[in-house]
Amino acid sequence: MKKVVYLQFTNPGAYPPLIHSSNILLEAGWQVVFLGVYPQGESRNIIMPEKQGRETRMLKWVAPGIRQKLHFLRFILWTIFVSIRERADLIYCSDPFSTPSGVLLRKMGFRVIYHEHDSPNPGEEDKLPTLIAWTRRKLLRDASLVIFPNELRLKRAQKWSASDAPARVVWNCPSVNELTVENNAHSSDTDKNQPFRLYYHGTLVPDRLPLSILDSMHACESEIMLTLIGYTTVGNVSYSKSLIEHAKKLGINKQLSILSALPREEVMRQCKKHDAGLVLFTGKEWEIYATEMVGASNKPFDYLSQGVAVLVPDLPAWKNLYAKNYYAIEANPDDAASLAELFDWLAQHRKEVRQMGRKGIEMIEIEWNYEKQFQPVLAWIESDKWVVGKD
C-alpha cells in the first residue's frame, strides 16, 4: 500500500485542507502519517480526527531560545528518519518550516509536494529566518509539485523564487461530506423579533475582528448576537479579553459569546446555528493581504456549506466571487455607522439572507468542495509521473 508522510512544524489538526486531502488519499488507498509539533496555546486542543489508515505523531512544543533551535534540528532529523523508515512514496510539506526537511528528502530522491497554506506578506519573504527563506526558495524550485490556495500568492512565490516547477491552485474549500442538510430549523428566518446571529471562527486577532464590529452592534436598532470560536495568537494573547471588556463598556456583553478552539466537526455544528458569518479585514495595507485571501480563506466556504450567508470585504476580487453571485454582502468594518446600517438591513431581510445560504450550499455541492478542487492533484499523484524516472 502506498504511503504519504505529511510534514509541518505546527499542529496539522488545525488545518482543514490537511484533513481533507488526507481523507481523499485514504479513500484512494493510501496510508497517511502526519508528523507535526504541538503549538502553544488553545490551538493545541484541535486534534486530527481519528480515522483508520491515518496516524498522527507529534513533538512537544519548546519555548523560544537555544532549546527551540535544537528542537527544530531534532524535528528535521526526526522527519527524515521517519520518512526513510516508513518508505514513504510521497512527502507532503505544508508550511515554510517544513522546507528544510523537504529539500533534503528531495535530494534523497523522494517525491515531494510543497503546499503552502500560510505565506509571508508581500515584500516580507526575505524576513523569514535565513535558513527557512533559503530552503523555501529551493523547494519552490525543486518540488515535484507546488500547491497554493490563491493564484496571486502562487505567482508572487514563483517570481520570488524563479520557480518553474509544476504548480496548482487549490482553494481551501470544505469537504462535500461536511455539507449541512437544509431543514428550516432557523427560527429567526421569519421572526424578526429574534436576535440576528452573527458568527466567526478562526484566529481572534484585531485585523479580523476589530472592535468596530462591537460598536456597530451597539449602534444598530436590531438585537445582534455574535458568536466567536477560536484562539488568540502569540502577538495577541489578550485580545479575547479586550473584546469582552469593550462589549461590557458598551453594555452588550450578553450579546457576545466567545468559545475556545474546538474540533472542526463541532465548529461546523455551531456554525449552522447562525444567520451570517464574518470574513472581514482591517489594518495597515489590508487590501493587499485581503485580495490574496480569496480562495485561501476557508471561512466563506465553511459558512456557505452550512447555509450561512457571508459578509465579505468591499474589494473587487471578493465581490466578483461572492457578492456578485448573491452568496454574500460586502461590508466595511472601518465604518461603524455603515456596518450598523448593514446589520439592521440583514435583521430585517432574513429571507434574503437565508436564500444566500441556500445558494451557497448548492455551489459547495457542485463546485466549491475540496474533492473537486483536489481532483487534479490526485490525478497527477496517481499518474505515471510518480513512476521512478518519470518525475
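### Overview of the overall build of the protein
Step number 1: Scanning the protein for helices and strands turns up 14 helices and 13 strands.
Step number 2: For the protein, the C-alpha radius of gyration of 21 Å lies close to 21 Å, the compact-globule estimate for 391 residues.
Step number 3: Considering only C-alpha atoms, the protein reaches an extent of 65 × 45 × 40 Å along its principal axes.
Step number 4: Sequence separation of at least 24 residues holds for 73% of the intrachain contacts in the protein that already meet a minimum separation of 6.
Step number 5: For the protein, the accessible surface area stands at approximately 17,800 Å², while carbon and sulfur atoms represent 52% of it.
Step number 6: With 48 positive and 45 negative side-chain charges, the protein shows a spacing of 7 Å between the two charge centroids.

### Structural notes on the sheet that holds strand S12 (residues 309-313)
Step number 1: In spatial order, the strands read S10-S9-S8-S11-S12-S13; together these six strands make up an open sheet with parallel pairing. With partners counted over all chains shown, the strands left at the sheet margins are strand S10 (256-259) and strand S13 (328-331), one partner each. Taken over all neighbouring pairs, the strand axes of this sheet differ in orientation by 25° on average, direction set aside.
Step number 2: Summarising the sheet, S12 and S13 pair through four bridges and their orientation is parallel. Paired with Pro 313 across the strands is Ala 331, a residue of S13.
Step number 3: Along the sheet, helix H7 (residues 239-250) contacts strand S9 (224-231) and S10; its crossing angle with S10, the most-contacted strand, is approximately 165°.

### Points about the sheet that holds strand S5 (residues 112-115)
Step number 1: If you walk across this open sheet you meet the seven strands as S3-S2-S1-S4-S5-S6-S7, and the pairing is parallel. With one partner strand each, in any of the chains shown, strand S3 (54-59) and strand S7 (167-169) form the two edges of the open sheet. Direction aside, the axes of adjacent strands within the sheet are offset by 20° on average.
Step number 2: Pairing analysis gives six bridges linking strand S2 (residues 31-37) to S3, with the strands arranged parallel.

### Comments concerning the packing of aromatic side chains
Step number 1: Tallied over the full model, the rule gives 19 aromatic pairs.
Step number 2: Between Phe 72 and Phe 97 the ring centres are 6.1 Å apart and the planes differ by 80°, which places this aromatic pair in the edge-to-face class. In this pair, Phe 72 is assigned in helix H2 (residues 66-85) and Phe 97 in the loop between strand S4 (90-93) and helix H3 (99-107), connecting sequence segments 25 residues apart.
Step number 3: In this structure Phe 72 comes out as buried when scored by relative accessible area, which is 13%.
Step number 4: Seen from their ring centres, Tyr 370 and Phe 374 are 5.7 Å apart, and the 20° between their planes marks the pair as stacked. Taken together, the residues Tyr 370 and Phe 374, both in helix H14 (residues 370-381) and four residues apart, mark about one turn of the helix.
Step number 5: Ring-pair connections join several aromatic residues into one group, and the members of that group are Trp 171, Phe 281, Tyr 289, Phe 301, Trp 318, Tyr 322, Tyr 327 and Trp 368.
Step number 6: Directly above the aromatic system of Trp 160 lies the positively charged group of Arg 137, at a separation of 4.0 Å from the ring centroid.

Cut-offs and rules
- Residues numbered from 1 in each chain as written.
- Predicted model: local features only at pLDDT ≥ 70, side-chain atom pairs only at ≥ 80, totals over all residues.
- Heavy atoms only, no water.
- Helix = DSSP H or I, 4+ residues; strand = E, 2+ residues; numbered from the N terminus.
- Rg over C-alpha atoms; globule rule 2.2 N^0.38 Å.
- Contact = heavy atoms within 4.5 Å.
- Areas by Shrake-Rupley, 256 points an atom, 1.4 Å probe, with all protein chains shown as cover.
- Lys, Arg positive; Asp, Glu negative; His and termini not counted.
- Charge placed at Lys NZ, Arg CZ, Asp CG, Glu CD.
- Pairing = 2+ DSSP bridges.
- Axes fitted to C-alpha atoms, helices over the stretch in contact; angles between N-to-C directions.
- Phe/Tyr/Trp six-rings, centres within 6.5 Å; stacked < 30°, edge-to-face > 60°.
- Buried < 20%, exposed > 50% of the residue type's maximum accessible area, 1.4 Å probe, protein only.
- Lys NZ or Arg CZ within 6 Å of the ring centre and 35° of its normal.

That is the geometry; function is a separate question.
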